[in-house]
Structures are given as C-alpha cells and as structure tokens.
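# A structural walkthrough
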Amino acid sequence: MKETTGQAAGGGAPPVQRAESDEAIGRCAPLFRELRPQVREGTLVERIRRQEREHGYRLVCVEEGGAPVALAGYRVTEFLAWGRVLYVDDLVTVPVARGRGYGGVLMDWLLEEARRLGCEELHLDSGVHRFSAHRLYHSRRLEISSHHFSIRLR
C-alpha cells in the first residue's frame, strides 16, 4: 500500500493509503466480499483494473495490524446536473472493526480529496437498509437528495 499525502483530521487517525498494486487490491478482497458479494472470487483485480482504465476508479484503504479494515473506491466525473463530482462507488469497514471511526476517517479523506481535485460535490448511493452508514453520512452533512432507480437487464 502507498500512503497518501493527506490524512484525516484528528491526531491519532490512521493514514489513508492507496491500493495500487495487484497485491494491495487482492488484500482488499475480504472487504469487497462484505460489500459486493456478487463479485465472483478471482475477478476482483481484473474488474478494478478495467474500472481504473475506463472510469478513473481509485481505491484507498485504512489498515489495522497490517491488514485493510476499511476501504473506499471512488472516481471523479462530470454531470450536467452537478458539475465535477467525486463519486464514491464503494465504502465499507469489516464488521469486526466497525465503530472504531475508520469510516469517518475515509469520509473525511474523501471530502478533502474532492476539494483538492476541484470537485463541486461529492455523491454516493447507499442501500436503504444501511442505517449505520447513513448516520455517518449525515454526520458529515451529506443530504438525501434523490432516489436511485434501477432495473436488472440480465
């Protein structure tokens, strides 16, 4: 993992690190299984590499005891509706590390990264059943601004 230049506010907060190598991405697989169980075993690195190439996806994490315990996947894009946006695709903390502030560390880092990159807004979608995540987002002044609709095509 490669430590980023920024760190979340709060003296003892662990550093946010970029997961850039195949090995670093692979070490994040247990977290992705928690959030995205539909992603088939063994395809994670390939899918992330494709998202990096095609959509500018970036992956960062926080470690505890030498292992990733929380991660965020994001990209910067532009919408007619909102302008330049940092969009958070993935944000998860392993269950045993929840409540230790790692989600907040990542959210603070993402907000700062969005400002650093000249974004006008930060956006994310969250499952309607993820109440503890919603508390985190509200604590960072994110608002519920729309409903997300989808249809399964295959």
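Above: the structure in question.
Keep in mind it's a predicted model, so treat the numbers as computed, not measured.

Between its first and last C-alpha, helix α3 (residues 44-55) extends 16 Å over twelve residues, near the 16 Å set by a 1.5 Å rise per residue. At the C-terminal side of α3, Gly56 shows a positive phi close to 70 degrees.

Let us now look at the layout of surface pockets. There is about 1,500 Å³ of room inside the largest pocket. Breaking the lining of the largest pocket down by element, the ones donating at least two residues are α2 (29-35), α3, β5 (83-93), α4 (102-116) and α5 (131-139). Across the lining of the largest pocket, the residue classes tally to 18 nonpolar, 14 polar and 15 charged. As a volume, the second largest pocket reaches approximately 950 Å³. As for the second largest pocket, its lining consists of 26 residues, of which His123, Leu124, Glu143, Ile144 and Ser145 are closest to the centre. Those elements that provide at least two residues to the lining of the second largest pocket are α4, β6 (121-124) and α5. Looking at the lining of the second largest pocket, the element that brings in the most residues is β6, giving four residues. Taken together, the residues of the lining of the second largest pocket sort by class into twelve nonpolar, eight polar and six charged.

This part covers the pairing of β5. For a regular strand, the rule is simple: side chains alternate between the two faces of the sheet. The element β5 is largely enclosed, with a buried count of ten among its eleven residues. The pairing of strand β4 (residues 67-79) with β5 spans ten bridges and is classified as antiparallel. Looking across to β5, one finds that Arg75 is bridged to Tyr87. Counted along the chain from β4 to the antiparallel partner β5, the turn is three residues long. Relative to β6, β5 runs parallel, the two being bridged by four bridges. Within β6, the residue paired with Tyr87 across the bridge is His123. Crossover handedness for the path β5 to α4 to β6: right-handed.

Under the 1.5 Å per step criterion, the end-to-end length of α4 is 21 Å for 15 residues, consistent within 8% with the ideal 21 Å. Most of α4 is tucked away: eleven of the 15 residues are buried. All of the buried residues along α4 are Tyr102, Gly103, Gly104, Val105, Leu106, Met107, Trp109, Leu110, Leu111, Glu113 and Ala114. At the exit of α4 stands Gly118, carrying a positive phi of roughly 75 degrees.

Let's shift gears to the nonpolar core. Within soluble globular proteins, side chains that are nonpolar tend to cluster in buried spots. One finds Leu59, Leu86, Met107, Leu110 and Leu122 to be the most contacted residues of the largest nonpolar core, which totals 45 residues. Ranked by residue count, the leading element in this core is α4, at eight residues. Filtering out sequence-adjacent residues up to four positions away, Leu59 remains in contact with Gln17, Arg18, Ala19, Ile25, Cys28, Phe32, Ile48, Leu71, Ala72 and Gly73.

Rules behind the numbers
Residues numbered from 1 in each chain as written. Predicted model: local features only at pLDDT ≥ 70, side-chain atom pairs only at ≥ 80, totals over all residues. Heavy atoms only, no water. Helix = DSSP H or I, 4+ residues; strand = E, 2+ residues; numbered from the N terminus. Expected span 1.5 Å × (residues − 1). 1 Å grid on protein atoms, 1.4 Å probe; cavity = no way out; pocket = protein on both sides within 12 Å on 5 of 7 lines; lining within 4 Å. Points joined across faces, edges and corners; volume = space filled by probe spheres on them. Nonpolar A, V, L, I, M, F, W, Y, C, P; charged D, E, K, R; others polar. Buried < 20%, exposed > 50% of the residue type's maximum accessible area, 1.4 Å probe, protein only. Pairing = 2+ DSSP bridges. Right-handed = clockwise from strand over helix to strand, strands pointing away. Core = buried A, V, L, I, M, F, W, Y, C linked by side-chain atoms within 4.5 Å. Contact = heavy atoms within 4.5 Å.

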